[in-house]
Amino acid sequence: MRFDEYDPGDFYDELFAAKGQPRPEAAVLVKRIHSLAPGELQQRQQSAQSALFKQGVTFSVYGDAEGTERILPFDIIPRIVSAQEWTRLEEGLKQRIYALNVFLADIYQDQKILKDGVIPAELIYSATGFLKPCLDLQPPVGIWCHITGTDLIRDRDGQWYVLEDNLRCPSGVSYVLENRRVMKSTFPRVFSAMEIQPVEKYPSHLLETLLNLTPPNLLDPTVVVLTPGVYNSAYFEHSLLAQQMGVELVEGRDLVVADGYLQMRTTKGLQRVDVVYRRIDDDFIDPLTFRADSMLGVPGLMEVYRAGRVAIANALGTGVADDKVIYAYMPEIIRYYLGEDPIIPNVPTYLCWEQQQQEHVLANLEELVVKAANESGGYGMLIGPKATTEQRHEFSQRIQANPRNYIAQPTLCLSRTPTIVNDRFEGCHVDLRPYILYGKEIYVNPGGLTRVALKKGSLVVNSSQGGGSKDTWVLSHASDQLQGASVQSQIQSLRF
Amino acid sequence: MLSRVADSIYWLNRYVERAENVARFVDVNLNLLLDGPIGMKEQWQPLVLVTGDLPLFRERYGEATAENVIQFLTFDSKYPNSIISCLQAARENARCVREVISREMWEQLNAFYLMVKEAAARQPLSDWHEFFTEVKMASHLFAGVMDATMTHGEGWHFGQIARLLERADKTTRILDVKYFILLPSVKDVGTPLDELQWIALLKSTSAYEMYRKCSQHRITPKRVAEFLILNREFPRSIQFCLMQAERSLHLITGTPAGTWSNPAERALGRLRSELDYLTIDEIIQSGLHEFLDDLQRQMNETGNKIFETFFAIETSA
């Protein structure tokens with residue numbers, strides 16, 4: 001398979017500047033792929049997929065009687081990001097996560113930003129992620145959101161935008177780790193020649209982030225990962241992270257509140273738990289405080305948490321900051337708390353909650369993407385240009401009935417990258433979800449999950465909507481220079 | 001270690017061992033048929049009889065033909081003790097404790113499951129013997145991988161106990177198959193046909209060569225039974241399994257050997273020491289089948305005590 005016929009067309013392409021013209025950072029890879037014998041690329045693609053399946057890197061499909069497991073479709077053509085570009089993104093993400101944390105601390109404490117009228121208080125109080133029981137809560141070391149997955153996209157002109165923040169239980173980092181494992185055996189030589197920044201330190205950083213929440217005098221703290229259980233679609237990830245950190249993976253039924261502490265049931269009796277990396281949504285974590293019907297959580301946990309006897313990451317209540325309406329205020333939030341302009345811009349966003357903006361949205365539905373403030377996974381969405389008149393009409397009514405719940409954005413033209421589809425390269429739309437950890441300092445894992453829309457022309461990259469994934473190669477600075485200055489000699493000196 | 005996790009490791013190992021033993025089980029009968037004289041009546045019902053699931057089998061399949069019995073014990077996903085069901089259950093348990101077991105263990109078990117699932121899909125199999133050999137080897141491989149890649153701590157010991165108790169139980173059942181096959185014609189005892197059957201039985205427990213090396217070469221029913229029940233060095237004999245299981249149990253709790261601190265240790269220790277002082281003559285006098293039956297009952301009881309002691313930790317605090 002060759003790239004000769006591959007045409008980026010009228011899109012920003014991640015690997016090609018123009019037809020037949022790879023970007024400098026992709027030149028070595030393209031050369032390597034051209035050197036493969038016919039059929040070999042497809043064969044490597046297949047063996048990569050079957051390795052993932054054999055290793056059980058799967059997600060469970062809801063509503064399937066057989067409890068079917070599938071792998072996230074994986075494409076072996078990586079997405080490549082230059083070091084220079086990455087540095088900028090990294091700065092932008094750190095700025096954003098820092099501001100979000102200050103914002104969360106303020107919202108649940110002094111609410112200065114509301115008093116100063118930067119954000120209307122009613123928007124906060126009506127956000128489903130806002131939890132009254134968390135008011136005046138003092139999470140350890142003052143950090144609320146320790147683990148973030150922020151979705152980035154690129155428009156036609158190559159400009160990066162933040163599409164949304166995920167501050168509750170962002171998932172997908174296990175695919176970053178597993179995809180990388182597979183890619184190292186798929187393209188070993190290109191990999192070592194290109195000086196790609198490693199992603200494998202994520203579990204160590206995650207563990208440090210969690211240990212940062214324990215009191216300094218605690219000698220042997222117990223950290224656990226709390227999962228809803230084996231039927232959760234992200235179970236594989238919960239299990240992998242617990243394994244890689246060497247901590248217990250627990251379910252609600254393993255835990256109990258006793259003697260004022262959170263404890264787990266072991267073969268030798270109860271044992272105290274100090275830090276919980278929870279992968280259960282707020283609503284389900286304590287039936288005594290939140291949803292009474294939840295079987296997943298631990299009765300009484302909130303009380304122990306409020307008393308400061310257990311740390312929870314992410315803190316409860318962080319969801320208020322990834323409400324899509326609050327998202328629209330992010331540039332103001334960054335300016336308000338940091339006195340800086342955002343490094344990575346938001347996608348321009350209309351709030352249907354405001355009369356004028358709503359009118360604009362209703363008048364321009366065929367050009368806009370409408371999203372529900374609290375849905376994820378590509379649900380509750382209207383893609384205006386692709387929708388039928390009927391669907392637009394339906395959304396128009398929904399917006400007017402519940403304006404607080406909807407935002408609208410112009411349809412951006414997501415960047416594309418070559419992807420193997422039926423024995424040829426197709427340009428498929430991608431986004432990027434980097435993972436950010438906030439412990440003693442803020443750490444951004446180099447790269448992140450590149451999600452790819454495998455249906456031709458589709459803009460939806462979610463796994464629940466038929467998306468797949470790719471490895472993301474962030475080059476090191478040395479590699480950047482190498483690629484830029486002497487691509488040709490680099491290619492020639494590389495013995496394939 | 002979390003009780004739930006210990007429980008899963010325990011069952012994961014029991015199920016893998018069970019799948020292996022069902023394979024041995026069916027394979028011994030296939031071998032018997034090959035070795036038997038032409039015209040010998042095929043006997044498949046005893047295999048189902050000793051599993052204790054004969055009524056279920058009758059209801060679902062009716063007649064105990066070779067085809068029906070093999071299907072039932074191997075690929076019937078509705079029968080919880082078939083090879084495929086065991087592996088599915090083992091894999092589900094492994095999935096629940098992936099963070100505790102080694103990556104290699106998970107991959108081997110997953111490959112094992114996929115191999116059997118694939119075989120189930122391409123039926124009828126042309127070579128059953130080859131398939132059962134593959135099942136046995138995959139189970140060995142799993143045990144070996146576990147031995148070589150997992151820390152020999154609490155979890156590993158729970159796995160050992162499970163495997164050894166399951167193996168001891170199945171050795172009693174394999175011996176029992178012989179008993180039931182012989183039942184219809186007691187006159188065959190001591191004939192050349194009889195010897196062939198005992199050889200097949202030894203082979204099905206991978207004991208033939210080991211037996212030859214230690215039992216004055218001749219194959220006699222009494223010596224074979226003694227070897228499989230009381231030998232202290234052969235890894236599939238009942239006494240060996242119980243000794244090692246007891247050792248693991250004491251390493252988990254730290255209780256000194258020869259004493260007990262919980263009902264599980266008491267049940268297992270009592271059973272093991274009983275065998276310590278038993279002779280094969282006493283066993284035969286009391287009736288081999290009755291003896292095996294009683295062993296099975298006591299081993300079940302030991303399993304229950306392990307569950308109560310370690311896995312069902314009281315929730316109220």
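Residues numbered from 1 in each chain as written. Chains lettered and ligands numbered in written order. Predicted model: local features only at pLDDT ≥ 70, side-chain atom pairs only at ≥ 80, totals over all residues. Heavy atoms only, no water.

Undergrad: Help me understand the overall build of chain B in this model?
TA: When helices and strands are counted, chain B shows 15 helices and 0 strands. Here the C-alpha radius of gyration of chain B, 20 Å, is about what a compact globule of 317 residues would show, namely 20 Å. Viewed in the frame of its principal axes, chain B has a C-alpha envelope of about 65 × 50 × 35 Å. Every one of the 317 residues in chain B was classed for burial, and the buried ones make up 56%. Carbon and sulfur atoms form 53% of the exposed surface of chain B, whose accessible area is close to 13,800 Å². (Helix = DSSP H or I, 4+ residues; strand = E, 2+ residues; numbered from the N terminus. Rg over C-alpha atoms; globule rule 2.2 N^0.38 Å. Buried < 20%, exposed > 50% of the residue type's maximum accessible area, 1.4 Å probe, protein only. Areas by Shrake-Rupley, 256 points an atom, 1.4 Å probe, with all protein chains shown as cover.)

Undergrad: What should I look at first to understand the overall build of chain A in this one?
TA: A count of helical and extended segments in chain A gives 16 helices and 24 strands. Scaling as 2.2 N^0.38, a compact globule of 496 residues should have a C-alpha radius of gyration of about 23 Å, and chain A matches this with 23 Å. When each of the 496 residues of chain A is scored for burial, the buried share is 58%. Taking the contacts inside chain A whose residues are at least 6 apart along the sequence as the reference set, 69% of them involve residues at least 24 apart. Element-wise, carbon and sulfur atoms account for 48% of the exposed surface of chain A, whose accessible area totals about 20,200 Å². The average position of the 48 basic charges and that of the 60 acidic charges among the side chains of chain A differ by 5 Å. (Contact = heavy atoms within 4.5 Å. Lys, Arg positive; Asp, Glu negative; His and termini not counted. Charge placed at Lys NZ, Arg CZ, Asp CG, Glu CD.)

Undergrad: I'm lost on the interface of chain A and chain B in this one. Help?
TA: One widely used convention gives an interface's size as the accessible area the parts lose upon coming together. If you look at the interface, chain A gives 32 residues, while chain B gives 26 residues. Across the chain A/chain B interface, buried area totals approximately 2,400 Å², and carbon plus sulfur atoms make up 46% of it. Sorting the residues of chain A by area buried against chain B places Gln-243, Arg-265 and Thr-267 of chain A first, and these three jointly supply 26% of that buried surface. Put simply, chain A and chain B have 5 salt bridges between them. The shortest N-O distance in the salt bridge between Arg-103 of chain B and Glu-178 of chain A comes to 3.0 Å. At the boundary of chain A with chain B, the tally comes to 15 residue pairs in polar contact (both at pLDDT 80 or more). Of all the secondary-structure elements, those providing two or more residues to the side of chain A that touches chain B are helix H2 (40-54), helix H6 (173-186), helix H9 (235-245), strand S9 (248-250), strand S10 (255-258), strand S11 (261-266) and strand S12 (269-272) of chain A. (Buried area = accessible area lost by both parts, 1.4 Å probe. Salt bridge = Lys/Arg side-chain N within 4 Å of Asp/Glu carboxyl O. Polar contact = N/O pair within 3.5 Å; in protein donor to acceptor, adjacent residues only side chain to side chain.)

Undergrad: Honestly, the sheet that holds S9 of chain A in this entry has me stumped. Any pointers?
TA: To summarise the sheet geometry, strands pair through backbone hydrogen bonds and adopt either a parallel or an antiparallel arrangement. Residue and element names in this part refer to chain A. Spatially, the 4 strands line up as an open sheet ordered S9-S8-S13-S14, and their pairing is parallel. Bordering the open sheet on either side are S9 and strand S14 (311-313), each of which pairs with just one other strand. Pairs of neighbouring strands in the sheet enclose a mean axial angle of 30°, with direction left out of account. Looking at chain direction, strand S8 (residues 223-226) and S9 are connected through 3 bridges and run parallel. From the neighbouring strand, Val-224 faces S9, where its bridge partner is Glu-248. (Pairing = 2+ DSSP bridges. Axes fitted to C-alpha atoms, helices over the stretch in contact; angles between N-to-C directions.)

Undergrad: For this particular structure, what's the right way to read the pairing of strand S7 (residues 160-166) of chain A?
TA: A regular strand carries its side chains on alternate faces of the sheet. All names here are of chain A. Of all the 7 residues making up S7, 6 are buried; the element is thus mostly covered by neighbouring parts of the structure. As paired elements, strand S6 (residues 147-154) and S7 share 6 bridges and run antiparallel to each other. Across the sheet, the residue bridging to Thr-150 is Asp-165, located in S7.

Undergrad: Where do I start with the sheet that holds S10 of chain A in this structure?
TA: Residues and elements named next belong to chain A. Ordered in space as S10-S11-S12, the 3 strands form an open sheet in which the pairing is antiparallel. The open sheet has two free edges, formed respectively by S10 and S12, since each of these has just one partner strand. Shown here is a sheet whose adjacent strand axes are inclined to one another by a mean of 45°, direction ignored. Looking at chain direction, S11 and S12 are connected through 4 bridges and run antiparallel. Directly across from Arg-265, in S12, lies its bridge partner Leu-270.

Undergrad: Mind showing me how you'd approach the state of the cysteines here?
TA: What we call a disulfide is simply a covalent bond connecting the sulfur atoms of a pair of cysteines. Residue and element names in this part refer to chain B. Taken as a whole and assessed by the stated rule, the structure comprises 0 disulfides over all chains. Between Cys-96, a free cysteine, and Cys-86, which holds the nearest cysteine sulfur, the sulfur-to-sulfur gap is 16 Å. The exposure class of Cys-96 is buried, given its relative accessible area of 15%. (Disulfide = S-S within 2.5 Å.)

Undergrad: Is there a simple way to explain the packing of helix H3 (residues 83-107) of chain A against helix H12 (residues 330-338) of chain A in this structure?
TA: Any two packed helices are characterised by how steeply their axes cross, that is the angle between the axes, and by the distance between the axes. All names here are of chain A. As a packed pair, H3 and H12 sit with axes 9 Å apart at the nearest point and diverge in direction by 80°. Between H3 and H12, the interaxial angle falls into the category roughly perpendicular. Contact with H3, carried on its side by Gln-95, Arg-96, Tyr-98, Ala-99, Leu-100, Val-102, Phe-103 and Asp-106, involves Met-330, Ile-333, Ile-334, Tyr-337 and Leu-338 of H12 and no other residues of that element. Class assignment for the residues of the contact of H3 with H12 results in 10 nonpolar, 1 polar and 2 charged. (Parallel < 35°, antiparallel > 145°, perpendicular 65-115°, else oblique. Nonpolar A, V, L, I, M, F, W, Y, C, P; charged D, E, K, R; others polar.)

Undergrad: Sorry if this is basic, but what is going on with the pairing of strand S18 (residues 406-410) of chain A here?
TA: Residue and element names in this part refer to chain A. Here S18 lies mainly inside the structure; 4 of its 5 residues are buried. Summarising the sheet, strand S16 (residues 368-372) and S18 pair through 5 bridges and their orientation is antiparallel. Across the sheet, the residue bridging to Lys-371 is Ile-407, located in S18.

Undergrad: Please clarify how the nonpolar core should be interpreted in this entry.
TA: When a protein is soluble and globular, its nonpolar side chains tend to lie buried together. Ranked by internal contacts, the top residues of the largest apolar core, which has 171 residues, are Val-116, Phe-131 and Ile-229 of chain B. It is helix H1 (residues 3-35) of chain B that provides the largest number of residues to this core, a total of 13 residues. Apart from the residues lying within four places of it in its own chain, the contact partners of Val-116 of chain B are Phe-75, Ile-83, Ile-84, Leu-87, Phe-131 and Val-135 of chain B. Residues Val-57, Ile-77, Tyr-277 and Trp-473 of chain A belong to the second largest nonpolar core, which totals 63 residues. (Core = buried A, V, L, I, M, F, W, Y, C linked by side-chain atoms within 4.5 Å.)

Undergrad: Got a minute to help me understand the pattern of salt bridges in this structure?
TA: Two side chains of opposite charge can pair, provided their charged atoms sit close to one another. In total, this model carries 52 salt bridges over all chains according to the counting rule given. A single salt-bridge network, built from bridges that share partners, covers Arg-14, Arg-18, Glu-166, Asp-169, Lys-170 and Arg-173 of chain B.

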